Amino acid sequence: MRSSHPRKIIVNTMTRRSGKRRGLLDLAVAVLMAGASLVATASPASADEWQPYGTLMVPAGGWMSANGGGVDAYSNGTVGTVSNDYSAPAVGMKWQCVELPQRLYKAKGWNPSWVGSNGLWGISSASQIYGLTGFNSHPNDGSYIPVPGDMIVHNGGSAGHVVVVDQVVGNKVYVVEQNVDRTAESGPDRASYTLSGTNVLTRDQAMTGMTIAGIVHAPGNTNTNSQPTPPPDQSQYGTVRGDFNGDGYADVAMLYDWGSNNTAMLVMNGSSAGLHWAGQAWSAQGDSGFTLNWSRAKLVAGDFNGDGYADVGLLYDWGNNNTAMLMLSGSGAGLHWAGQVWSAQTNSGFTMNWDRTKVIAGDFNGDGKDDVAMLYDWGNSNTAMLVMNGSSTGLQAPGQVWSAQGNSGFTMNWDRAKLAAGNFNGDGYTDVGILYDWGSNNTAMLVMNGSVTSLHAPGQVWSAQGTSGFTMNWDRAKIVAGDFNGDGYADMGLLYDWGSNNAAMLLMNGSPTSLHWVGQVWSAQTNSGFTMNWGRAKLVAGDFDGNHSADVGLLYDWGNQNTAMLLMNGATTGLRWVGQIWNAQTDSSIILNWDRTKTV
């Protein structure tokens, strides 16, 4: 087993504990190279990564997007696995933490001259990267701000840990890594750090026993933070969509009609135990002294000003084709009234028919602030996409980014489109999925991809009849998007009505090539033994319990003004049924009319 040229390799690992967070546990493994024979190996059975060993976790195009892309990042399976496999494309042992930067730096040509053509750095632990000859090592004292491609090196245990910087957005540093327990990450093989006011780094996800040694920069790396690098999609990195109070859990907002034009915002907050009733956050008449017609408001949620708190926009119809955007801003205390931020007639000098507008939110241009997309009907089957960009001061006036007839040369019937948004292809930009009815029960999924210049023209990625060989009635489908299996790609859920009160959840998974058909993952009658009236369910998605997989909430009408929240939890295998988690009458002693409730 012993080679004539032994070399000791220390493999860093991370393990789980019975809770939401766990730090690193480093396991020293002696490996004899030149035959690479394993001398000692052990790995706690409870330690695991997001997917089986060798699974592609982050595609090369899914990070450092504005800097030519990174390299593929892979799962090491059970954390601490010693593969003893050095075959291509690996640069080092598959798929240790150190292997990722070695492969990246070799691909980018960033290695100092002393490094051989194999790209190996000749180190026995990740912590030895700090201070390595030919690289610039900076202490974590605020004197240096990392750039894309830099390494953040940790000390601790017997081997330390290393991550690679994807990009820096504001005071957030987003990274990609390998061989790490999922409970210490914000998303598959991804994590984030926060720069304090003095630019000192702290990791946002707990890693017990680990301290930051510093930041290591390759002189050949010319990346800067002044480049228009797109930030990671929130579903990938755990900056949770719909998190109105900034606690790291997605919340649910309900615009409610108390009658007599007294509209209010009710909230259910997320927590480690899931959603719970939080009560009324705002009332138009009680808190702001004006009347708001509930039936004239369409809701959309996102962090439009980039302050770390999700906001709620209300596209509102003042009448006479004067459409406006009203805003409730998020904060540590939750949602509060911010007022009107835009009016079509006053601010943009044109009339907009509210009835011909559908809204959805996401960071379509990758600037770190959510935008609002508005699918608009100009008439004569000329459908267009308008976008209100987010900014540090909030949403800006909309501009048209695409027209079916003008840009794509075909007619699109606005009435036959349903919208949901997510980063389906993992490139860091939010995309818009359009469930479209071509007629004759031929339902299709079109996707408008996001980019640094905003949304692109749609392309069809799936057709029920053409791709999957069955007929789907568009009128019987409701859609919702989120990263349900935690793989870093947003998925599309379709709540479908098979008739006879048999509602089912169908699924399309995201991938580097966009959405693809999976099939039915749950049926009310078959899997849960009850009848569900599809017409009495309203969908909302978010990571309500903070497990890094999006969940689906179904606000459901049991009749007699008895409204409840039903839940499907995200899991590595997709969505799974949980059941009823809250009932307005039973749990909160209130009468909530489902017909008077809009969710986001």
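Residues numbered from 1 in each chain as written. Predicted model: local features only at pLDDT ≥ 70, side-chain atom pairs only at ≥ 80, totals over all residues. Heavy atoms only, no water.

Trainee: How would you explain the overall build of the protein chain if you had to name every residue and give the values?
Mentor: Assigned secondary structure in the protein chain consists of eight helices and 35 strands. In the structure as shown, the protein chain presents an accessible area of about 21400 Å², 46% of it carried by carbon and sulfur atoms. (Helix = DSSP H or I, 4+ residues; strand = E, 2+ residues; numbered from the N terminus. Areas by Shrake-Rupley, 256 points an atom, 1.4 Å probe, with all protein chains shown as cover.)

Trainee: I'd love a proper account of the packing of aromatic side chains, names of residues and values included.
Mentor: Across all of its chains, the model carries 23 aromatic pairs by this definition. Ring geometry for Trp277 and Trp582: centres 4.8 Å apart, planes at 10 degrees, overall stacked. Separated by 305 residues along the polypeptide, Trp277 in strand E14 (residues 276-283) and Trp582 in strand E34 (residues 576-583) bring together distant segments of the chain. Accessibility expressed as a relative area gives 24% for Trp277, which makes it partly exposed. Assessed through its relative accessible area of 3%, Trp582 is described here as buried. For the ring pair Trp282 and Trp337, a centre distance of 4.6 Å and an interplane angle of 5 degrees mean the geometry is stacked. Highlighted residues: Trp282 in strand E14 and Trp337 in strand E18 (residues 336-343), separated in sequence by 55 residues. The exposure class of Trp282 is buried, given its relative accessible area of 2%. (Phe/Tyr/Trp six-rings, centres within 6.5 Å; stacked < 30°, edge-to-face > 60°. Buried < 20%, exposed > 50% of the residue type's maximum accessible area, 1.4 Å probe, protein only.)

Trainee: Tell me what's going on with the pairing of E18, and back it up with residues and numbers.
Mentor: Alignment of strand E17 (residues 323-329) against E18, held across six bridges, turns out to be antiparallel. What sits directly across from Ala324, in E18, is Ser343. (Pairing = 2+ DSSP bridges.)

Trainee: So what's going on with the pattern of salt bridges? Residues and values would help.
Mentor: Taken as a whole, this structure holds six salt bridges when the rule is applied. The shortest N-O distance in the salt bridge between Arg356 and Asp377 comes to 4.0 Å. Of this pair, Arg356 sits in the loop between helix H4 (344-348) and strand E19 (357-362) while Asp377 sits in strand E20 (residues 371-377); the two residues are 21 residues apart in sequence, bridging distant segments of the chain. On the basis of relative accessibility, which here comes to 34%, the residue Arg356 falls in the partly exposed class. On the basis of relative accessible area, Asp377 is assigned to the buried category, the value being 14%. (Salt bridge = Lys/Arg side-chain N within 4 Å of Asp/Glu carboxyl O.)

Trainee: Tell me about the pairing of strand E6 (residues 151-155), and please be specific about residues and values.
Mentor: In terms of burial, E6 is a largely internal element, four of the five residues being buried. Strand direction decides the pairing type here: E6 and strand E7 (residues 161-169), joined by four bridges, are antiparallel. By the bridge assignment, Met151 is partnered in E7 with Val164. The loop that links E6 with its antiparallel partner E7 comprises five residues; one of these, Gly156, has a positive phi angle of about 140 degrees. Summarising the sheet, E6 and strand E11 (residues 211-217) pair through five bridges and their orientation is antiparallel. The residue of E11 that forms the bridge with Ile152 is Ile215.

Trainee: Outline helix H1 (residues 99-108), listing residues and values.
Mentor: Every α-helix carries 3.6 residues per turn, so stepping three or four residues along brings you back to the same face. Burial analysis of H1 places seven of its 10 residues in the buried class, the great majority of the element. Listed as buried for H1 are Glu99, Leu100, Pro101, Gln102, Arg103, Leu104 and Tyr105. Of the surrounding elements, those touching the buried residues of H1 are strand E4 (73-74), E6, E7, strand E8 (172-176) and E11. Following H1 by one or two positions, Gly109 has its phi on the positive side, about 75 degrees. (Contact = heavy atoms within 4.5 Å.)

Trainee: Any chance you could break down the sheet that holds strand E23 (residues 417-422) for me, citing the residues and the numbers?
Mentor: Taking strand neighbours across the sheet as the criterion, the four strands line up as E23-E24-E25-E26 in an open arrangement whose pairing is antiparallel. Each edge of the sheet is formed by a strand with only one pairing partner; in this case those strands are E23 and strand E26 (459-463). Direction aside, neighbouring strands of the sheet carry axes that sit 25 degrees apart on average. In the sheet, strand E25 (residues 443-448) pairs with E26 via four bridges, with the strands oriented antiparallel. Paired with Leu446 across the two strands is Gln460, which belongs to E26. (Axes fitted to C-alpha atoms, helices over the stretch in contact; angles between N-to-C directions.)

Trainee: I'd like to hear about the nonpolar core, residue by residue, with values.
Mentor: Judged by nonpolar contacts, the single largest core of 27 residues is most densely connected at Trp63, Leu104, Tyr105, Trp121, Ile129 and Val162. Of all the elements in the fold, those that place two or more residues in this core are strand E3 (56-58), H1, E6, E7 and E11. Per element, the largest residue contribution to this core is three residues, and it comes from H1. Once residues within four sequence positions are removed from consideration, Val162 is found in contact with Cys97, Val98, Pro101, Ala126, Ile129, Met151, Ile152, Val153 and Glu177. Judged by nonpolar contacts, the second largest core, of 21 residues, contains Leu255, Ala284, Ala301 and Leu326. (Core = buried A, V, L, I, M, F, W, Y, C linked by side-chain atoms within 4.5 Å.)

Trainee: Tell me about unusual backbone geometry, and please be specific about residues and values.
Mentor: At the junction of Ala88 and Pro89, the peptide bond is cis and its omega measures out at 10 degrees in the coordinates. Mapped onto the fold, Pro89 is located in the loop between E4 and H1. Trp95 follows Lys94 through a cis peptide bond whose omega is -20 degrees. The topology assignment puts Trp95 in the loop between E4 and H1. Despite not being glycine, Asn179 has its phi angle at roughly 55 degrees, a positive value. Relative to the helices and strands, Asn179 resides in the loop between E8 and strand E9 (190-195). Exposure remark for Asn179: the relative accessible area of 0% places this residue in the buried category.

Trainee: Help me get a handle on the confidence of the model for the protein chain, residues and values and all.
Mentor: Of all residues in the protein chain, 89% attain a pLDDT of 70 or more, and the chain-wide mean is 86. Confidence, expressed as mean pLDDT per element, reaches its minimum in the protein chain at strand E2 (residues 37-38) with 26 and its maximum at H1 with 98. Scored below 50 in pLDDT, residues 1-47 shows 138 contacts in the model against residues more than four places distant or in partner chains. This model gives residues 227-239 a pLDDT under 50, and the stretch forms 53 contacts once residues within four places in sequence are excluded. (pLDDT = per-residue confidence, 0-100.)

Trainee: Give a description of the sheet that holds strand E10 (residues 201-203) that names residues and reports values.
Mentor: Spatially, the seven strands line up as an open sheet ordered E5-E11-E6-E7-E8-E9-E10, and their pairing is antiparallel. Lying at the two open borders of the sheet, with one neighbouring strand each, are strand E5 (136-139) and E10. Averaged over all neighbouring strand pairs, the angle between strand axes comes to 35 degrees, with direction disregarded. In terms of strand pairing, E8 meets E9 through five bridges, oriented antiparallel. Bridge pairing in E9 places Tyr174 opposite Ser192.

Trainee: Provide a residue-level description of the environment of Gly579, including the pertinent values.
Mentor: Topologically, Gly579 is positioned in strand E34. The spacing of Gly579 and Leu554 is 25 residues in sequence and 9.7 Å in space, taken between C-alpha atoms. For Gly579, the residues in contact, after removing those within four places along its chain, are Met565, Leu566 and Leu567.

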